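# Residue-level structure breakdown
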Amino acid sequence: MKGKPTSNGGPAKKIAVNTDKTQLLRPNHDLFERVKELNCLYGISRLMENRELAIEEILKGVADLIPPAWQYPEITGARISLKKRQFQTNNFRETPWEQKEPIIVSGSEVGTLEVCYLQEKPFAYEGPFLKEEKELIHVLVERLGNIIEYKNAENSIRSLYEREKKLRKKLQKEMHSRVDFSRKLIHELKTPLTSLMATSQYLLLLEQTQGSELGKAAGLVWEGANRLNTRIEELHDVIKGEVGTLKLNLKPSAIVHLLSSMAEETRALARDHGISINIEADQSLPDVIADPERIRQVLLNLVNNACKYASEGKRVIIRATWDSASTVKIEVRDHGPGIAKDKQRVLFKPGYQVSHGGESPGGLGIGLTLCKMLVSLHGGRIWVESKLGHGSSFFFTLPVANESKK
Ligand code: ADP
């Protein structure tokens, strides 16, 4: 077709008109190209968000998202190469019209991203590729680096978790066999002890009726066997507490009953240690939720320790008061040597002992551990307040049965 004649009679300047049209359409074209890039980046974000996908699926997905973002999608192929694996579009093949960028993770090159045109195309910014495509491939390798780093971290967390799960299982198995062994050991120890206690008690009865020397010896045997029995039971309780099988029989209980349930033992302790024991209970105290037998055990342990360390002629005080609107506080106070601040923190840990005046304290260091376990099972707290040379106060709290009429 011929060009329209111009005013000077020459041929029409068709090229100039065409250029104007291209320029008019340019923003639209550019916008379209940017939308394609954004789609590609958005698709990659969606792939990254999908926690179900393995790294292989994500990388294959990224490769497939690349061609539509390039100028000639139908002749574009993409390939992501890692050390031993490659993820590529189905049409990918190496050609001379290629863009290639390294993928960097933590400062090291872990692979490359290649984008190839399968046919020759006119020169643009870098070979047949646009400036924007050069920029996009930069962004893509950066994203790929992030994906690989994230997935590597996820994999190592997963394998750590699996390892931890295996170890936990192994530990549980070992713990159960240890508990089983302890149970058998305790049974073995207690069986002869029980008959020893029964026989010595029988001999004690004979002593009361006949007053024999043998009876006195039987009394000593009974005391020793009884002490040993208590220690074995404590050890058993601590083991159960450690594996979570120590159970309570909770019920509303009057504080006065809890305190008086050990009156006989406290009298004997006072007599043996040459001290006096005072019990003070606030009359307004409500019932608490407690396992009476277990609280008796806690109290006896604390009072026993207090008597052991109390200075002769001094008093041990057992005092029950309100702690808060929902808790009652029981204190066992002595006037013994006291406990240094740094030792107070570790006192409730198993096996921990404090020597007073350089002497070995004896015992196993499990009495306070068991007290803590039992008080915690009640939902209470246990602690010590003490000053060297001024004695110690051991406190524990118990929840009140009916919140509260303080
Ligand atoms: P054990 O089971 O051997 O009797 P405990 O767990 O009852 O041990 O006590 C741990 C350590 O705390 C003991 O070595 C003892 O020296 C110290 N202790 C406990 N009660 C008192 C107290 N009232 N005064 C001073 N020291 C105490």
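One structure accompanies this document, and this report is about it. (Residues numbered from 1 in each chain as written. Predicted model: local features only at pLDDT ≥ 70, side-chain atom pairs only at ≥ 80, totals over all residues. Heavy atoms only, no water.)

## Observations concerning the environment of G336
Structurally, the position occupied by G336 is in the loop between β9 (327-333) and α8 (341-344). Separated by 155 residues in sequence, G336 and F181 have C-alpha atoms that sit 39 Å apart. The residues contacting G336, other than those within four sequence positions of it, are Y309, A310, S311, G389, H390 and G391. (Helix = DSSP H or I, 4+ residues; strand = E, 2+ residues; numbered from the N terminus. Contact = heavy atoms within 4.5 Å.)

## Digging into the packing of helix α4 (residues 213-243) against helix α9 (residues 367-377)
The geometry of α4 relative to α9 is characterised by a closest axis approach of 10 Å and an angle of 50 degrees between their N-to-C directions. Classified by the interaxial angle, the pair formed by α4 and α9 is oblique. The chirality of how α4 crosses α9 is left-handed. For the pair α4 and α9, the contacting residues are R231, E234, D237, V238, G241 and E242 in the first and G367, L370 and M373 in the second. The residue inventory of the contact of α4 with α9, partitioned by class, reads 3 nonpolar, 2 polar and 4 charged. (Axes fitted to C-alpha atoms, helices over the stretch in contact; angles between N-to-C directions. Parallel < 35°, antiparallel > 145°, perpendicular 65-115°, else oblique. Left-handed = near helix turned anticlockwise from the far one by under 90°. Nonpolar A, V, L, I, M, F, W, Y, C, P; charged D, E, K, R; others polar.)

## Regarding helix α7 (residues 292-309)
For α7, built from 18 residues, the straight-helix expectation of 26 Å at 1.5 Å per residue is met to within 8% by its first-to-last C-alpha distance of 26 Å. For α7, every residue scored as buried is listed here: R294, I295, V298, L299, L300, N301, L302, V303, A306 and C307. (Expected span 1.5 Å × (residues − 1). Buried < 20%, exposed > 50% of the residue type's maximum accessible area, 1.4 Å probe, protein only.)

## Things to note about the site of the ligand
Surveying the vicinity of the ligand reveals 20 residues, the closest of which are D334, V354, H356, G365 and L368. Taking G365, its main chain carries an N or O atom lying 2.7 Å from an oxygen atom of the ligand. Where the shell around the ligand is concerned, the elements lending two or more residues are α7, α9 and β11 (392-399). Among the residues making up the shell around the ligand, the classes are represented as 10 nonpolar, 8 polar and 2 charged. (Near = heavy atom within 4 Å. Polar contact = N/O pair within 3.5 Å; in protein donor to acceptor, adjacent residues only side chain to side chain.)

## Considering the packing of aromatic side chains
Scanning the model with the defined rule gives 4 aromatic pairs in all. Centre to centre, the rings of F348 and F394 are 6.3 Å apart; their planes meet at 70 degrees, and the pair counts as edge-to-face. Linking F348 in the loop between α8 and α9 with F394 in strand β11, this pair joins segments that are 46 residues apart in sequence. Of the residues examined, F348 reaches a relative accessible area of 11% and is grouped as buried. On the basis of relative accessible area, F394 is assigned to the buried category, the value being 8%. Here a set of aromatic residues connected by ring pairs shows up, and it is made of Y72, Y117 and F129. When the ring centre of Y72 is taken as origin, the NZ or CZ atom of K121, which lies over that ring, is 4.6 Å away. Of note, R381 hangs over the ring of W383, and the distance from its end group to the ring centre comes to 4.1 Å. (Phe/Tyr/Trp six-rings, centres within 6.5 Å; stacked < 30°, edge-to-face > 60°. Lys NZ or Arg CZ within 6 Å of the ring centre and 35° of its normal.)

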